[in-house]
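Understanding the architecture of this molecule
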Amino acid sequence: MLTGPKPLLIESGPTNSVHNLLSGMKELGIAPEAIEYVAVTHIHLDHGGGAGTLLKSLPNAKVLVHPRGAPHLIDPERLWSSSQSVLGYVSEVFGKPEPVSKDRIIPITAGVFDLGDSGKLTVFETLGHASHNLSFQESFNNGVFPGDAAGTYLPECNVVVPTTPPPFYLDSSLVSLDKLITLNPSALYFSHFGRADDAINRLNAYKTQLQLWADIAEAGVKANLSLEKIRDNIIKTDLVMTQIAGYIQNHPIYKKTVLENCIIGFIEYAKIKQAKM
């Protein structure tokens, strides 16, 4: 959340956490009617799935979202069905999305919004993780909200891990990371999970990590290896994954998302690339 004369929310979060968000606003002394915009980086359940539920409590708010994502906020049935298929039990943890009225949606790929006190929020298109991912730069501290364009930050381990469920677009991801690097941000505000400094080094390291996973997946697909074998090769080769393997394998969410869905994203990418050759 960006507080000030014109408070603005970044992400609605999932449906099942909306009550926590509203409680947090109350603790900060921010009235629901003061929120003009909820800026959604993309419409996956954990980022924008709660928008319809949240807006019931924010009478003056509109949702900023990529044009490709807007139809799925208006009618979330396909999004919900797809999420159940890809995420399995994790989708139930997030909760079913409710529709957002079309007249409360602002489709956008670029723009600038006034935050008061001479502050502004600038919108950038940063595709790759999804075909509808946006990032937001705030001018007060030159921090960037990258959505999932820069991975998942695990503050308890101080590392970033890939966020690459299918369909994943490696080339677009690398272009988006270069775009974020040119902004020279002072910090990255990860939707998962919090602020991280040393932004440029983290963005460059994430580029290297994505290319490493892609190389391992491509070699694995070429050798007809199983998902499990490709996963094991990634854990062995990526020093970040080697370091946190036990933590990830024992986590009720990450063992499904990071060690399955994100690796499948690279496998599908490698299969498509191989078919084109």
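Below is a short write-up of the structure. Think of each chain on its own: its residues are numbered from 1, step by step along the sequence as written. Given that this is a predicted model, residues contribute local features only at a pLDDT of at least 70 and side-chain atom pairs are listed and counted only at 80 or more, while totals for whole chains, interfaces and linings are drawn from all residues. Computation of side-chain values covers all heavy atoms of the structure but excludes hydrogens and water.

1. Quick word on the side chain of threonine 257
Looking at where threonine 257 falls in the secondary structure, it is placed in helix α11 (residues 254-276). Contacts are assigned to residue pairs that have any heavy atoms within 4.5 Å of one another. If we ignore the near neighbours within four places in the chain, the residues touching threonine 257 are Leu87 and Cys262. Helix and strand labels come from DSSP, where a helix needs a run of H or I of at least four residues and a strand needs a run of E of at least two; each type is numbered from the N terminus.

2. Some remarks on the nonpolar core
For soluble globular proteins, the rule of thumb is that nonpolar side chains tend to be buried together. Nonpolar cores were defined as sets of buried Ala, Val, Leu, Ile, Met, Phe, Trp, Tyr and Cys residues, with membership established by side-chain atoms within 4.5 Å. Each residue is assigned to one of three classes by its accessible area relative to the maximum for its type, calculated with a 1.4 Å probe on protein chains only: buried under 20%, partly exposed between the two thresholds, exposed over 50%. In this structure, Val38 and Met241 are the most contacted members of the largest nonpolar core, which totals 71 residues. Residues within four places of valine 38 in sequence aside, it is in contact with Leu9, Glu11, Ser12, Leu54, Leu55, Leu58, Ala61, Lys62, Val63 and Leu64. Core analysis: the next-biggest nonpolar cluster, separate from the first, contains 14 residues, Leu8, Ile10, Ala39 and Phe136 among them.

3. Focus on the pairing of strand β6 (residues 119-125)
Across the seven residues of β6, five count as buried, placing the element largely inside the fold. Criterion used throughout: strands pair if DSSP finds at least two bridges between them. Both strand β5 (residues 111-116) and β6 contribute to a ladder of five bridges, which runs antiparallel. Residue phenylalanine 113 lies in a different strand from β6, and its bridge partner there is leucine 121. The antiparallel hairpin formed by β5 and β6 contains two residues in its connecting segment, where aspartate 117 sits at a positive phi of about 50 degrees. As paired elements, β6 and strand β7 (residues 134-138) share five bridges and run antiparallel to each other. Residue pairing across strands places glutamate 125 opposite leucine 134, the latter belonging to β7.

4. Observations concerning the sheet that holds β6
A sheet is described by the order of its strands in space; here six strands give the open sequence β5-β6-β7-β8-β11-β12, paired in mixed fashion. Two strands in the sheet have a free side with no partner beyond their single neighbour: β5 and β12 (194-196). Ignoring strand direction, the axes of neighbouring strands in this sheet form an average angle of 25 degrees. The convention used is that axes are lines fitted to C-alpha atoms, helices contributing only their stretch in contact, and that angles between N-to-C directions extend from 0 to 180 degrees.

5. Some thoughts on helix α8 (residues 199-222)
Taking 1.5 Å per residue, 24 residues should reach 34 Å; α8 reaches 35 Å between its end C-alpha atoms and fits that length. With its phi angle positive at about 60 degrees, asparagine 224 sits one or two positions after the end of α8. By this rule, a helix spans an expected 1.5 Å times one less than how many residues it contains.

6. A look at the side chain of serine 135
Structurally, the position occupied by serine 135 is in strand β7. The buried category is assigned to serine 135, whose relative accessible area is 1%. Among the polar contacts made by the side chain of serine 135, one reaches the main-chain carbonyl oxygen of proline 146 at a distance of 3.4 Å. Two N or O atoms form a polar contact when they lie within 3.5 Å of each other; inside protein one atom must be a possible hydrogen donor and the other a possible acceptor, and for residues adjacent in sequence the pair counts only when both atoms belong to side chains.

Interpretation in functional terms is not warranted from these geometric data alone.
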